[in-house]
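Chain by chain, the residues run as shown.
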Protein chains: 2
Amino acid sequence: MRTSQYLLSTLKETPASAEVISHQLMLRAGLVRNVASGLYTWLPTGLKVLRKVENIVREEMERAGALEVLMPMVQPADLWEESGRWEDYGPELLRLKDRHDRAFVLGPTHEEVITKLVANEINSYKQLPLNLFQIQTKFRDEIRPRFGVMRGREFLMKDAYSFHLGEECLKKTYQAMFDAYCRIFDRLGLDYRPVIADTGSIGGEASHEFHVLADSGEDDIAFSDGSDFAANVEKAEALAPTGERPAATQALSEIATPKVRTIEDLAKFLSLDAANTVKTLLVLGEATKEHEAPIVALVLRGDHQLNEVKAENLAKIASPLTFATEEQILAVIGCNAGSIGPVGLDIDVIVDRSAAHLADFVCGANKNDMHLTGVNWERDTQNYSVSDLRNVVAGDPSPCGQGNIEIKRGIEVGHIFQLGEKYAQTMNCGVLTEAGKNQILTMGCYGIGVSRIVAAAIEQNHDKYGIKWPAAIAPYQVAVVPMNMAKSARVKETAEALYEQLQTAGIEVIFDDRKERPGVMFADHELMGTPLLLVIGERNLDNQEIEVKNRITGEKSMLAISDVMSLFA
Amino acid sequence: MRTSQYLLSTLKETPASAEVISHQLMLRAGLVRNVASGLYTWLPTGLKVLRKVENIVREEMERAGALEVLMPMVQPADLWEESGRWEDYGPELLRLKDRHDRAFVLGPTHEEVITKLVANEINSYKQLPLNLFQIQTKFRDEIRPRFGVMRGREFLMKDAYSFHLGEECLKKTYQAMFDAYCRIFDRLGLDYRPVIADTGSIGGEASHEFHVLADSGEDDIAFSDGSDFAANVEKAEALAPTGERPAATQALSEIATPKVRTIEDLAKFLSLDAANTVKTLLVLGEATKEHEAPIVALVLRGDHQLNEVKAENLAKIASPLTFATEEQILAVIGCNAGSIGPVGLDIDVIVDRSAAHLADFVCGANKNDMHLTGVNWERDTQNYSVSDLRNVVAGDPSPCGQGNIEIKRGIEVGHIFQLGEKYAQTMNCGVLTEAGKNQILTMGCYGIGVSRIVAAAIEQNHDKYGIKWPAAIAPYQVAVVPMNMAKSARVKETAEALYEQLQTAGIEVIFDDRKERPGVMFADHELMGTPLLLVIGERNLDNQEIEVKNRITGEKSMLAISDVMSLFA
C-alpha cells in the first residue's frame, strides 16, 4: 500500500476526549473515528488489525471443531420473553419496535436465538455434542460508553454456544475451548491469564475469564507466585489464617472515641494498626414469606475490604447485596454506622476468617462515640458464624496451596461459562436419548471481545511514540521509508524496487511515498506501530545498504539491500 | 468436514412458507433458518457460501484500489437530519431511541456517515480521489419481507463511496467500479448483465444496475440482440418509428360503443388490432404558485404500456406520478375514463412516439359510450406534443441503433451511481483545491447485495434435485460418499484415506460418514449442490476405482483411485 493512496489519518495532537492510552492511540494512529457516543467507524488501518484478530479467533475455533453460523443482530422480543430475560435484562438491552409495532431487541448476546435454533434442528443424541460460533456485531446500550472501543456500544464479538447430553460432555468441550482460547491469545502475542471467574448474572456453574494484563485494566486479578493459579479478585478465596488464634491477654473495656467515624480515625486515635481493629457492616438478609429482610452484620478486619460477591453468595444474605440505611441502622442497633461492633448484637453476625482469628481487638460498642478494646471472640461474644468475606490482598497465601498472592490489573477479553440447563430448560431444548427419552440439553457459552482485543493489545504494547503491535496483528509488517525521494532518483528507484519486491513476496508493506519530511514519516510509522522500518537514504546507497529500525526493540542496523528478504525468513 | 460432526440440517419436504425456489432450496439444503419475518440465521453451509461471495467482492474492490472500512449499524439521527433524509426516507428506515432517549436509526445505507467522515478527515485535493468500501450488515424495515434472504430485513451488503474533485475524476472511478463489478460477477460464475438504470430516489445522474438473469427475477431487462446494450425497462428508450407517418385515408366519424370500457373491449367490438387504437390516460401536471396541479393527458397506442418513470421525468408532469381520479376526470372532461380521446381536449396532451405515428386510428370521443374512428393527427387535432412515454417491448429496435430488443427477467444484485454533489453539498464536504479554494466534492456510490447474491445464484442454477453451485461459491468442492461403510472395512478405509488425501491437499471436502442409506446421502449432496461426488462402492474397489458424479453436467464416470487428484488439477 502506498501512503499516497491510503487513508492514513494520523493525528499529531492527543484528542482531549480520550481518557485511556489505547483510545488516544487508536484515534491518533488513525484506527477508528467516533460517530456517536460508543459508536465507531473502523478506518482501514484499524480494520486490518480487527480482521487479523478475527481470523486468528476463527481459525482456532474451527480447529477446536466449532461450526460457524451467523445470527441476526435484530432479534424478536418473544424469544427474550420465553427465556425470561425480556424482564430480567437491564436497560443495556436496547428494545425497539418495527414499522408494524412488533417488539425487537438489538442483540447483546445470542443465547435465546441459538437455543431456539438447536431446539428446532437437533432431535437426536447422535447429533451431539454441537458447538456453534459466530463472529458478529453486537449492541449493548452502556449507560456511559467510554475508553473508545474498550467499552463501546456496538462491537464485534465471537460468541460460541455448545450443547451436550450432560455435564461430563460439557466439561470436555469447556476444556477444549479453554485450550483454544490459550492458543488464540498465544497467537495474538499477548501477555494474558485465564482466571477463575464469578459466573455473574449469566448464570451457570464454572467459569473462567481471560485477561490481558495491563496496568490500566479495570479488573484486579489475584495470581499465585508459586503456581498457575489465577482468579478474579471477586472469586479468589481468602484462606483462614493458619495456627491457633492467639489467647486473650487484655480485659474488655469500653472507651470514649469522640468524633471517631472510620477505621482510619480509630487507628489514629488509638495509635494502633488497623489490622487490630474490626469493622462491622450491616446489610439486608434474605426475606421470607413471613418476615421482611432482616439486618445482618458482616465483620471484617479493619484493613480488609468486603468482597461483595462472596457476601451475596451466602444463603443468609440478600442478592444483590444491599447495605442497610442510616435509618435502619439507628432503628435496629441504636447508634450510627461508625460505632457498630459484634459484641452484644441481637442479629445474625458473620465474621470473616481473618477477623475471626484476632485476639484483643478493637470494635464499635454499639453506642455513639464509644468503642470496645481488648475484645476477644467467644469470651466476649458467642453469637456469630465464620465465612470468607474479604478480597484477597498481595501476600495472602494462595488458595491453591502453593505460593503467595500477587495482584495485577487485567482487561477482560474472553469469558467461558458452563451454563448448564438454564436456557435449555426454559426454552425446552432437548433431544431423544439412546433410550428413547427426552432429555434437556446442557450448555456452555464462550465469548471473546474481538474489537476489545485491539484496544487491550495497545494498552499492553505501547510507548510514548505510539503503538508497538505484536507481529501477528500489526496492520503492516514493514514500512518502506525513503528520505527525500523527490530529490534523489536513486532513492526513489530503490524504494520502488524494494516495495515491489516485498509486495510480490506477499509481505504486508506500506510504502511512504508522500512528500513529507523524514521526521513526519518516522513519527507516523512509530505511532502506527509498524514492527520494521526500512529507511532508504542517499548516503547509504553508496554501500548498497538500507537502515533497518525495529519498532519493538528500538534497535537500528544496516542491511545490504540484497539481504532484505532475510528479515522475513 | 465429516457430516457426523456437521450441522447438515437438510429437509426432505419443501416448507410451505417459501414462495420462490431459492428460498425453498436455501431452507431445504440447510443454508438458512428463519428467526422472524425477514430475519435469518445463516447455518454453516450457507455461511460458507456467503463468505465466498464476500471474499470475491472484497478482493476485486481492493484490486480496484478501494480501501475497506467498517461503519456502525446504529447511526445517530442528527446525521440524517443534516442530510434531510430523516424526513425524506420512508418507514423502511427503522428509527429507534437509546436509553437516554436520543434518536438513532438502523443503517439501511451509509451516505451520511461516510460523507461526515470524509468531511472531517480529508482537507486537501492531494488526498483525492478516495474510494471507501465496507462489507457490513444493513437493516431495511421492509413492509412485507419475502423470498427469504432475497428481500430480507437484515442483510449483508457491500457499499462503497467515492469522493472526487469533479465529474471527470468521478467518471474514471465509476468506470473502474463498473469493470470491478464485471470481474466480480464473472468470478462468481453467474450469467449477469450490467443495465442502464433509473437513479430513483437516491439521486444523481448516471447509474447502472447489475442483474443476475433468472426467470423468477422481479425486474424486466431490455437487451439488444445486436449489441451489448441492456437497460432496465424503466429506462430503455422506445425510438420513434422510422419513416413517414402513413397518410390519412379515412374520414373522421363518431360511433356508438355501448359498454366499451377497455382497449380490449374496443378492439373486440370493432374487430381491429389494439395497435390501431390509442388510449388516453389523465395524470396530474406540475402545480405552480398560482395554480393547483392541472390535468394532463398521456396518449399511447392501445397495445403499449405507460412507462411511469419516463412520464414523471417530464417537466409538465407531477412527480411522483399521480393519476386523476374518476371525479377529476368527470369534472374536467365530462365523461368516464374509458371514453377519453385526444381530439378536442382543452388540456395539455402528450402523445407517445408510436401513437403519434398512427393514421386512421380509433380513440375515445370524450362522451360516454362514444368513440371516434378514422382519426388522424394534425388533420383532426393539432393541440399536442410528442414524447417517449411507453415501455419498450420485444422486437422494438434497440435504442443503441443495433439489433432489436429482447426482454428478460433479472434479479438486481448490484447498483452503481454517479451521485454528484447531493450529499457533499448538504453536509458541507469539501477540500482546498490546488488554487487554495474550498470546493464541494463529487461523489459516487456502489452497492452489491452480498446475501442476495446467494439467493440469485440459486435462482439461476438449480434443477429439481436441488442447487447446482457455480464452483467458485460451492460450500464444498467435493463430497466423499461411501456405500454401506459399516459393512465393508475396505470401503471405510478407502473413504477415510481419500478424505484425508483431499483435506491435506487443501480441497474443501465433505465426507459423508453417516450410517445412512445411499439414496439419502445422494439426495442430500444433490440438494446441497456439491459439484463433484466421489462414490466408493465395494464392487468397484476390485478394480481400485471409484465413481465420479458431476452435479452440474450429470455425467458419471469411473476413475482410478490413484488418479483422484486429476479432478482438481
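Residues numbered from 1 in each chain as written. Chains lettered and ligands numbered in written order. Predicted model: local features only at pLDDT ≥ 70, side-chain atom pairs only at ≥ 80, totals over all residues. Heavy atoms only, no water.

Peer 1: I tried to follow the overall build of chain A on my own but got confused; where do I start?
Peer 2: Scanning chain A from terminus to terminus reveals 13 helices and 30 strands. Principal-axis analysis of the C-alpha atoms places the extent of chain A at approximately 90 × 70 × 50 Å. Across the 569 residues in chain A, those meeting the buried criterion constitute 57%. For chain A, the proportion of contacts with a sequence separation of at least 24, taken over those separated by at least 6, is 68%. On chain A, roughly 23900 Å² of surface is accessible, and the fraction owed to carbon and sulfur atoms is 47%. (Helix = DSSP H or I, 4+ residues; strand = E, 2+ residues; numbered from the N terminus. Buried < 20%, exposed > 50% of the residue type's maximum accessible area, 1.4 Å probe, protein only. Contact = heavy atoms within 4.5 Å. Areas by Shrake-Rupley, 256 points an atom, 1.4 Å probe, with all protein chains shown as cover.)

Peer 1: Looking at this structure, how should I read the state of the cysteines?
Peer 2: One way to say it: the disulfide is the covalent bond shared by the sulfur atoms of two cysteines. Residue and element names in this part refer to chain A. Enumeration according to the criterion identifies 0 disulfides over all chains in this entry. For Cys400, which is in no disulfide, the shortest distance to another cysteine sulfur is to Cys182 and amounts to 17 Å. Given a relative accessible area of 34%, Cys400 falls into the partly exposed group. (Disulfide = S-S within 2.5 Å.)

Peer 1: Sorry if this is basic, but what is going on with the packing of aromatic side chains here?
Peer 2: The way to describe two aromatic rings as a pair is by their centre distance and the angle between their planes. Evaluation of the coordinates by the stated rule reveals 24 aromatic pairs over all chains. Judged by centre distance (5.1 Å) and plane angle (35 degrees), the rings of Tyr499 of chain A and Phe511 of chain A are tilted. One end of the pair, Tyr499 of chain A, is in helix 12 (residues 489–504); the other, Phe511 of chain A, is in strand 27 (residues 509–511), with 12 residues separating them in the sequence. Taking the relative accessible area as the measure of exposure, Phe511 of chain A reaches 0% and is therefore buried. Here the aromatic rings of Tyr174 of chain B and Tyr446 of chain B are separated by 6.5 Å at their centres, their planes lie at 50 degrees, and the arrangement is tilted. Separated by 272 residues along the polypeptide, Tyr174 of chain B in helix 6 (residues 167–188) and Tyr446 of chain B in strand 23 (residues 442–449) bring together distant segments of the chain. Accessibility assignment for this pair places Tyr174 of chain B and Tyr446 of chain B in one class, buried. Over the aromatic face of Phe223 of chain A sits the side chain of Lys408 of chain A, whose NZ or CZ is 5.8 Å from the ring centroid. (Phe/Tyr/Trp six-rings, centres within 6.5 Å; stacked < 30°, edge-to-face > 60°. Lys NZ or Arg CZ within 6 Å of the ring centre and 35° of its normal.)

Peer 1: What is the right way to look at the sheet that holds strand 14 (residues 278–284) of chain B in this model?
Peer 2: Pairing between sheet strands relies on hydrogen bonds along the backbone, with the strands arranged either parallel or antiparallel. Residue and element names in this part refer to chain B. Ordered by their spatial adjacency, 4 strands build an open sheet running 14-15-16-19, and the pairing between neighbours is mixed. Here the strands that pair on one side only, and so sit at the sheet edges, are strand 14 and strand 19 (385–387). This sheet shows a mean twist of 30 degrees between the axes of neighbouring strands, independent of strand direction. Bridging between strand 14 and strand 15 (residues 295–301) involves 7 bridges; their strand directions are antiparallel. (Pairing = 2+ DSSP bridges. Axes fitted to C-alpha atoms, helices over the stretch in contact; angles between N-to-C directions.)

Peer 1: Any chance you could explain the side chain of Asp141 of chain B here in plain terms?
Peer 2: Here Asp141 of chain B shows up in the loop between strand 7 (130–139) and strand 8 (154–164). A distance of 2.8 Å separates polar atoms of two side chains, one belonging to Asp141 of chain B and the other to Arg153 of chain B. Excluding residues within four positions of it along the chain, Asp141 of chain B makes contact with Asp98 and Arg99 of chain A together with Pro91, Glu92, Leu94 and Arg153 of chain B. (Polar contact = N/O pair within 3.5 Å; in protein donor to acceptor, adjacent residues only side chain to side chain.)

Peer 1: Would you mind showing me how to read the sheet that holds strand 28 (residues 532–536) of chain B here?
Peer 2: Residues and elements named next belong to chain B. Reading across the sheet, the 5 strands line up as 27-26-28-29-30 and stay open at both edges, with mixed pairing between neighbours. Here the strands that pair on one side only, and so sit at the sheet edges, are strand 27 (509–511) and strand 30 (556–560). Neighbour-to-neighbour, the strand axes of the sheet open up by a mean angle of 25 degrees, direction not taken into account. Bridge count for strand 29 (residues 545–550) against strand 30 is 5 bridges, and the pairing is antiparallel. Residue pairing in the sheet places Ile546 in a bridge with Leu559 of strand 30. Lying over the sheet, helix 13 (residues 518–528) contacts strand 26 (478–482), strand 27, strand 28 and strand 29, oriented at roughly 175 degrees with respect to strand 26.

Peer 1: Whenever I open this one, the relation of the copies chain A and chain B confuses me. Can you help?
Peer 2: Both copies of the chain are related through a single rotation about an axis accompanied by a shift along the same axis. If you rotate chain A by 180 degrees and push it 0.1 Å along the axis, it lands on chain B with an RMSD of 0.1 Å. Viewed as a symmetry operation, the transformation between the two copies matches a two-fold axis. Considering only C-alpha atoms, the residue of chain A closest to the rotation axis is Leu96 of chain A, which sits at 3.0 Å. Taken as a fraction of all interface residues of chain A, those also at the interface in chain B reach 100%, which identifies the copy contact as same-surface. (Least-squares fit on C-alpha atoms with pLDDT ≥ 70 in both.)

Peer 1: Would you mind going over the domain arrangement of chain A with me for this structure?
Peer 2: Much of the literature gives interface size as the accessible area that the parts lose upon coming together. Segmentation of chain A into domains returns domain 1 (21–237 + 406–459), domain 2 (253–387) and domain 3 (478–567). Here the C-alpha centre of domain 3 of chain A lies 41 Å away from the C-alpha centre of domain 1 of chain A. (Domains from an automatic or database assignment.)

Peer 1: Which parts of the structure should I look at to understand helix 11 (residues 450–460) of chain A?
Peer 2: Across the 11 residues of helix 11 of chain A, 10 count as buried, placing the element largely inside the fold. Of all the residues in helix 11 of chain A, the buried ones are Val450, Ser451, Arg452, Ile453, Val454, Ala455, Ala456, Ala457, Ile458 and Glu459 of chain A.

Peer 1: Mind showing me how you'd approach helix 6 of chain B here?
Peer 2: Because each turn of an α-helix spans 3.6 residues, side chains separated by three or four positions end up pointing in the same direction. Residues and elements named next belong to chain B. Its 22 residues place the ends of helix 6 31 Å apart at the C-alpha level, agreeing with the 32 Å of an ideal helix rising 1.5 Å per residue. Those residues of helix 6 that sit buried are Leu170, Thr173, Tyr174, Met177, Phe178, Ala180, Tyr181, Cys182, Ile184, Phe185 and Leu188. Looking one or two places after helix 6, you find Gly189, whose phi comes out positive at around 75 degrees. (Expected span 1.5 Å × (residues − 1).)

Peer 1: Just checking my understanding: could you explain the interface of chain A and chain B for this structure?
Peer 2: At the interface, 52 residues of chain A touch 52 residues of chain B. For the pair chain A and chain B, the summed buried surface comes to about 4300 Å²; carbon and sulfur atoms form 65% of the total. Interface area lost by chain A to chain B is led by Leu67, Leu70 and Arg99 of chain A, which between them contribute 16%. For the pair chain A and chain B, the interface holds 6 salt bridges. In this structure, Glu121 of chain A and Arg33 of chain B form a salt bridge, with 2.6 Å as the shortest nitrogen-oxygen distance. For the pair chain A and chain B, the number of links is 16 residue pairs in polar contact (both at pLDDT 80 or more). No other element matches helix 2 (residues 44–63) of chain A, which puts 5 residues into the side of chain A that touches chain B. Looking at the side of chain A that touches chain B, its residues break down into 34 nonpolar, 4 polar and 14 charged. (Buried area = accessible area lost by both parts, 1.4 Å probe. Salt bridge = Lys/Arg side-chain N within 4 Å of Asp/Glu carboxyl O. Nonpolar A, V, L, I, M, F, W, Y, C, P; charged D, E, K, R; others polar.)

Peer 1: So what exactly am I meant to see when it comes to the pairing of strand 23 (residues 442–449) of chain A here?
Peer 2: Side-chain positions along a regular strand alternate between the two faces of the sheet. Residues and elements named next belong to chain A. The buried count for strand 23 comes to 8 of 8 residues, which makes it a mostly enclosed element. Bridge analysis of strand 8 (residues 154–164) against strand 23 gives 8 bridges, and the strand direction is antiparallel. The residue of strand 23 that forms the bridge with Tyr161 is Cys445. As paired elements, strand 20 (residues 405–420) and strand 23 share 6 bridges and run antiparallel to each other. Across the sheet, residue His415 finds its bridge partner in strand 23, namely Gly447.

Peer 1: Would you mind going over the side chain of Ser451 of chain A with me for this structure?
Peer 2: Residue and element names in this part refer to chain A. Checked against the element boundaries, Ser451 lands in helix 11. Given the relative accessible area of 3%, Ser451 is considered buried. At 2.9 Å, the side chain of Ser451 and the backbone nitrogen of Leu156 are in polar contact. If sequence neighbours within four positions are ignored, Ser451 has contacts with Trp42, Leu50, Val149, Phe155 and Leu156.

Peer 1: I would appreciate a short explanation of the packing of helix 2 of chain A against helix 11 of chain A in the present structure.
Peer 2: Helices that pack against each other are described as a pair by the angle of their axes relative to one another and the distance between those axes. Residue and element names in this part refer to chain A. Remark: helix 2 packs on helix 11, axes separated minimally by 9 Å, with the N-to-C direction vectors making an angle of 115 degrees. Relative to helix 11, helix 2 is oriented roughly perpendicular. Helix-helix and strand crossings are classified by hand; for helix 2 and helix 11 the assignment is right-handed. Residues Val49, Leu50, Val53 and Glu54 of helix 2 form the contact with helix 11, whose own contacting residues are Val450, Ser451, Ile453 and Val454. Of the residues contributing to the contact of helix 2 with helix 11, the split by class is 6 nonpolar, 1 polar and 1 charged. (Parallel < 35°, antiparallel > 145°, perpendicular 65-115°, else oblique. Left-handed = near helix turned anticlockwise from the far one by under 90°.)

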